[in-house]
Amino acid sequence: MSILINGLPELLSPAGDLECLKTAVDFGADAVYLAGQEFGMRTAASNFTMDELEEGIAYAHAQGAKVHVACNTIPRNDEMARLPAFLETVQHVGADALIVADLGTMDLAARYAPKVPIHASVQSGITNYETARRFHELGASRVVLARELSLDEIAEIRAKTPSALELECFAHGALCVSFSARCLLSSYMTGRDANRGDCAQPCRWRYALVEEKRPGQYFPIEENEQGSYILNADDLCMAPYLDRLAKAGVGSIKIEGRAKSHYYVSVVTHAYRGALDSLRCADDSWQLPAWVAEELEKISHRPYSTGFYFGRPNAQTYENAGYVRNYAVAAVVEDWQDGMLIVRMKNKFYAGQIFDCLEPGKQPFTFKADRLFDESNQPIESAPHPLMTVKMELAQPVKKGALLRMKLDDKSFH
């Protein structure tokens, strides 16, 4: 018996710039979410000019993917006059959805971009079926459920809301310690408003906490000489439980990361695409393919957890706010001709390097580049110059845009 009745959930990937959008689409995203220069919750990302947005939408549509535009800040009075023109332009360039958190913005979207479906953002804090149903009545075709929900709660929301209302949930990436990202810490401590996309991430800072009237509740503060990170949430990873998300009625699997790199987007999108595709004809004994689990360890990440999906989590890292980093991108494939791979160098490497090749639509493979050549086919010992063209022998063809990775602790090529 197939796990899924109505096909696979949508795979929704982040894009902080045009390169990331194209990467997400190339590596298997069904849809991409992004923001313009205003009204999006990630000011740290480059984001999109309207010309870039139009180009990105055309690129995605040509490959059958959709583009969702985040307009999910909590705007102030002085911003409202600029919203109508922004919304009209988003509709004009062909966006497939608007992600909205604020009720006033939702009303303006219905008036100035009536052809664009509205998705109620995770910023809306939707944790029950009555709220989900009310957002649907107000015009939302989809709700992005709060990260605080369990699988059982999501299943109940699915059972008690109209079938036409789509449910979207985060499956991977950074977690906010505050209520679905409605946070005052950043504004209070730095003057940077987290609810308008300018979070300084004070939850990742070191703190010391003493609370004498809560016996039996100990906050570790002595792990090392640098202090303790008591608010520092682990990263979410639900890849091994995509079947459970699908059974609960989730129609869109969302990857966090609009401020993340081109490499991060390519690896996580590729991994979740492989995981979802493996569900297509699976039965109740489905397990995450081993190569997918391995891929998710090849990106920068904090320790993984399953968040609130299985109840109250133990999902905080107290030792530090850093990332696990095991791999780096060595080069991007430009072409393959007659047994010769042509790449554009990103990080220095040497002859004899063992590469891990990530190619859209295929499982990764490794190979050793015994010899390197420059553009003139002259032998070279290393690739020391950023963006230089390098050639290497490889019998099998590789698609343009594939990534060559190297293990950071691999010193064999020296």
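Note: the structure precedes this text.
Engineer: Any chance you could break down the overall build of the chain for me, citing the residues and the numbers?
Structural biologist: A tally of regular secondary structure across the chain gives 11 helices and 20 strands. Within the span of the chain, comprising 414 residues, buried residues form 51% of the whole. Taking the contacts inside the chain whose residues are at least 6 apart along the sequence as the reference set, 68% of them involve residues at least 24 apart. Of the roughly 19,300 Å² that the chain leaves accessible, carbon and sulfur atoms contribute 49%.

Engineer: Describe the sheet that holds strand β17 (residues 379–380), and please don't skip the residues or the numbers.
Structural biologist: In spatial order, the strands read β15-β14-β20-β11-β12-β19-β16-β17; together these 8 strands make up an open sheet with antiparallel pairing. Each of the sheet's edge strands pairs with one partner strand only, and the pair in question is β15 (365–369) and β17. Note: strand β14 (residues 353–358) against strand β20 (residues 403–407), 3 bridges, orientation antiparallel. Bridge pairing links cysteine 357 to leucine 404 in β20.

Engineer: Lay out the pairing of β15 in plain terms, naming residues and giving numbers.
Structural biologist: The alternating pattern of β15 places Phe365, Phe367 and Ala369 on a buried face and Thr366 and Lys368 on a face that is not buried. Strand direction decides the pairing type here: β14 and β15, joined by 5 bridges, are antiparallel. Bridging from a neighbouring strand, isoleucine 354 pairs with lysine 368 of β15. Linking β14 to β15, which pair antiparallel, is a turn of 6 residues; within it glycine 361 sits at a positive phi near 80 degrees.

Engineer: Give a detailed account of the packing of helix α1 (residues 18–26) against helix α2 (residues 50–62), specifying residues and quantitative values.
Structural biologist: Between α1 and α2, the least distance of the axes is 10 Å, while the angle of their chain directions is 10 degrees. The angle between α1 and α2 places the two elements in the roughly parallel class. Here Leu18, Leu21, Lys22, Val25 and Asp26 of α1 come into contact with α2, specifically with Glu52, Glu55, Gly56, Tyr59 and Ala60. Grouping the amino acids of the contact of α1 with α2 by side-chain chemistry returns 5 nonpolar, 1 polar and 4 charged.

Engineer: Could you give me a rundown of the pairing of strand β4 (residues 97–100), with the residues and numbers involved?
Structural biologist: Burial along β4 is two-sided: Ala97 and Ile99 facing one way and Leu98 and Val100 facing the other are all buried. Summarising the sheet, β4 and strand β5 (residues 118–120) pair through 3 bridges and their orientation is parallel. Paired with valine 100 across the bridge in β5 is alanine 120.

Engineer: Tell me what's going on with the environment of arginine 82, and back it up with residues and numbers.
Structural biologist: Mapped onto the elements of the fold, arginine 82 is located in the loop between α3 (77–80) and α4 (83–92). Between the C-alpha atom of arginine 82 and that of glutamate 38, which follows or precedes it by 44 residues, the distance is 9.4 Å. Setting aside residues no more than four positions away along its own chain, arginine 82 makes contact with Glu38 and Phe39.

Engineer: Lay out the environment of alanine 330 in plain terms, naming residues and giving numbers.
Structural biologist: Structurally, alanine 330 is set in strand β11 (residues 327–337). Sequence-distant contacts of alanine 330, that is, excluding residues within four places in its chain, are made with Arg344, Met345, Lys346, Asn347, Phe349, Phe355, Leu404, Arg405 and Met406.

Engineer: Could you give an account of the pattern of salt bridges, with specific residues and numbers?
Structural biologist: Side chains bearing opposite charge may pair, as long as their charged atoms lie close to each other. What the rule picks out here adds up to 24 salt bridges. One salt bridge in this structure joins aspartate 30 and arginine 273, with 3.0 Å as the shortest N-O distance. Residue aspartate 30 is located in the loop between α1 and β2 (31–35), and its partner arginine 273 is located in helix α10 (residues 262–279); the two are separated by 243 residues in the primary sequence. Judged by relative accessible area, arginine 273 falls into the buried class, the value being 13%. With a shortest N-O distance of 3.2 Å, glutamate 295 and lysine 298 are connected by a salt bridge. Residue glutamate 295 shares its accessibility class with lysine 298, and that shared class is buried.

Engineer: Describe α2, listing the residues and the values that go with them.
Structural biologist: Counted at 1.5 Å a residue, the expected span for α2 with its 13 residues is 18 Å, and the 18 Å between its end C-alpha atoms agrees. Those residues of α2 lying buried are Leu53, Gly56, Ile57 and Ala60. The arc that holds the buried residues of α2, viewed along the axis, is 100 degrees, so those residues lie on one side. With respect to the buried face of α2, the exposed residues turned more than 90 degrees away are Asp51 and Ala62.

Engineer: An account of the packing of aromatic side chains is needed here, citing residue identities and associated values.
Structural biologist: Using the criterion set out here, one finds 5 aromatic pairs in the structure. Seen in terms of ring centroids, phenylalanine 349 and phenylalanine 355 are 5.1 Å apart; in terms of plane orientation they differ by 85 degrees. Their pairing is edge-to-face. Each member of the pair phenylalanine 349 and phenylalanine 355 is classed as buried. Where phenylalanine 365 meets phenylalanine 367, the ring centres are 6.1 Å apart and the plane angle is 35 degrees; that geometry is what we call tilted. For phenylalanine 365, a relative accessible area of 18% gives the class buried. If you follow lysine 260 out to its NZ or CZ, it ends over the ring of tyrosine 264, 4.1 Å from the centre. Note that arginine 405 overlies the ring of tyrosine 327, its terminal NZ or CZ placed 6.0 Å from the centroid.

Engineer: How would you explain unusual backbone geometry if you had to name every residue and give the values?
Structural biologist: Here asparagine 377, not a glycine, exhibits a phi torsion of approximately 65 degrees, which is positive. Here asparagine 377 shows up in the loop between β16 (372–373) and β17. For leucine 387, which is not glycine, the phi dihedral falls at a positive 70 degrees. Within the secondary structure, leucine 387 sits in the loop between β18 (382–383) and β19 (389–393).

Rules and cut-offs
Residues numbered from 1 in each chain as written. Predicted model: local features only at pLDDT ≥ 70, side-chain atom pairs only at ≥ 80, totals over all residues. Heavy atoms only, no water. Helix = DSSP H or I, 4+ residues; strand = E, 2+ residues; numbered from the N terminus. Buried < 20%, exposed > 50% of the residue type's maximum accessible area, 1.4 Å probe, protein only. Contact = heavy atoms within 4.5 Å. Areas by Shrake-Rupley, 256 points an atom, 1.4 Å probe, with all protein chains shown as cover. Pairing = 2+ DSSP bridges. Axes fitted to C-alpha atoms, helices over the stretch in contact; angles between N-to-C directions. Parallel < 35°, antiparallel > 145°, perpendicular 65-115°, else oblique. Nonpolar A, V, L, I, M, F, W, Y, C, P; charged D, E, K, R; others polar. Salt bridge = Lys/Arg side-chain N within 4 Å of Asp/Glu carboxyl O. Expected span 1.5 Å × (residues − 1). Arc of directions from axis to C-beta. Phe/Tyr/Trp six-rings, centres within 6.5 Å; stacked < 30°, edge-to-face > 60°. Lys NZ or Arg CZ within 6 Å of the ring centre and 35° of its normal.

Geometric descriptors of this kind do not, in isolation, establish any biological role.
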